[in-house]
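Residue strings, one per chain:
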Amino acid sequence: MQKQEPERSELWREETVSSEQIFEGRIISLQVDTVALPGGRTATREIVRHPGASAVMALLDGKLLVVEQYRKPMDIFQVEIPAGKLDGDEDPALAAARELEEETGYRPKGLKLISSFYTSPGFADEKLYLYFADELERGEQNPDEDEDLLVEAITLEQAERYISEGRISDAKTILAVYAWKLYLQTGTI
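Residues numbered from 1 in each chain as written. Predicted model: local features only at pLDDT ≥ 70, side-chain atom pairs only at ≥ 80, totals over all residues. Heavy atoms only, no water.

## Notes on the overall build of the protein chain
What counts, and what does not: A run of H or I in DSSP becomes a helix once it reaches four residues, and a run of E becomes a strand once it reaches two; helices and strands are each numbered from the N terminus. Note on classification: 1.4 Å probe, protein chains only; a residue is buried when its accessible area is under 20% of the maximum for its type, exposed when over 50%, partly exposed between these limits. Should any heavy atoms of two residues lie within 4.5 Å, those residues are counted as being in contact. Methods summary: accessible areas were calculated by the Shrake-Rupley approach with a probe of 1.4 Å, and residue burial reflects only the protein chains presented. When charges are counted, Lys and Arg are positive and Asp and Glu negative, with His and the chain ends excluded. For charged residues, the charge sits on one atom: NZ in Lys, CZ in Arg, CG in Asp, CD in Glu.
Looking only at helices and strands, the protein chain has 4 helices and 12 strands in total. Seen through its C-alpha atoms, the protein chain measures out along the principal axes to roughly 60 × 45 × 35 Å. Counting over 189 residues, the protein chain shows a buried share of 38%. Excluding contacts between residues fewer than 6 apart, the proportion of contacts in the protein chain whose partners are at least 24 apart in sequence is 55%. Carbon together with sulfur atoms contributes 49% to the accessible area of the protein chain, which is approximately 11,700 Å² in total. The protein chain carries 21 positive and 37 negative side-chain charges, and their two centres are separated by 5 Å.

## Section: the nonpolar core
The line we're drawing: In this text, buried Ala, Val, Leu, Ile, Met, Phe, Trp, Tyr and Cys residues form a nonpolar core when linked through side-chain atoms within 4.5 Å.
The biggest cluster of nonpolar side chains holds 24 residues, and the ones touching the most others in it are M57, L64, I81, L130, I154, I168 and W180. Taken together, the elements giving at least two residues each to this core come down to β4 (53-60), β5 (63-71), β10 (127-133), α3 (156-165) and α4 (171-186). Ranked by size, the runner-up nonpolar core spans 13 residues in total, among them A58, L60, A95 and Y106.

## Focus on a nonpolar patch on the surface
This is how it is decided: Residues forming no salt bridge and having over 30% relative accessible area are the ones grouped into patches, like charges within 9 Å of each other and nonpolar side chains (Val, Leu, Ile, Met, Phe, Trp, Tyr) within 5 Å. Criterion for a salt bridge: a side-chain nitrogen of Lys or Arg within 4 Å of a carboxyl oxygen of Asp or Glu.
Taken together, the side chains of I22, F23, I27 and I28 make up a nonpolar region of the molecular surface, amounting to roughly 330 Å² of accessible area. We classify I27 as partly exposed; its relative accessible area is 38%.

## Examining helix α2 (residues 92-104)
Note that an α-helix has 3.6 residues per turn; residues three or four places apart therefore point the same way. Keep this limit in mind: By this rule the span expected of a helix is its residue count minus one, scaled by 1.5 Å.
For α2, which comprises 13 residues, the first-to-last C-alpha distance of 18 Å matches the rise-based estimate of 18 Å (1.5 Å per residue) to within 8%. Along α2, the positions that sit buried rather than exposed are P92, A95, A96, E99, L100, E101, E102, E103 and T104. G105 occupies a position one or two residues after α2 and carries a positive phi of about 85°.

Geometric values such as these leave the question of function open.
Structure (C-alpha cells):
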C-alpha cells in the first residue's frame, strides 16, 4: 500500500507565531511576522498590507489612454494605464471608473474585468483588478492634489516601443498592452 502524502496546501503552510505592526501609513502598512515552518523551524516574514487597486485598459478611438507621471520609488517618469487604490471596501469596478475619470477626464460607459492578480506576493497582499473599456464619454479630469499627470492616447506600436525603451515597465501596463494585442488579434477580451 502506498503512503498517502499530506495535501499540498498543508505541506508547507506557515502558521503565524507572532505579528508586530511596524508602520501604518496612508496607503500601506508593514508588519513583521514570525512563522512556524515544518520541522520546528521559525522564520521572519516582512509583509506589506495594501487595500488593493484597480486599473483600466481604456481605448479611445483605437488608442490606449495612458498617463505619464514621476514615480519616486524608481526615480523615473513612467507611462502607465490609469490606476489607483481602493478606498475601504470600495467595489473595484467603481474604483476603476473613478480613477479613469480623475486621471484622464474620460468616463467608461461600461467595464469588463480582464483579470485580477497579486502584484508582489512574496512580500505584499496588494490585489489589482484590471478592467477593459472601449466606450468612453467625456468627463472631468480631477487628479489627486499630489498627482502631476500627462495624458496621452497611444497606438499599439507606441506602447510596444515604450516597453522596449523602459518608459512602460510596470506589470499592470505591460499586461494591458499584451491583452490589447490579443484583443486586436481575436476580437475578444
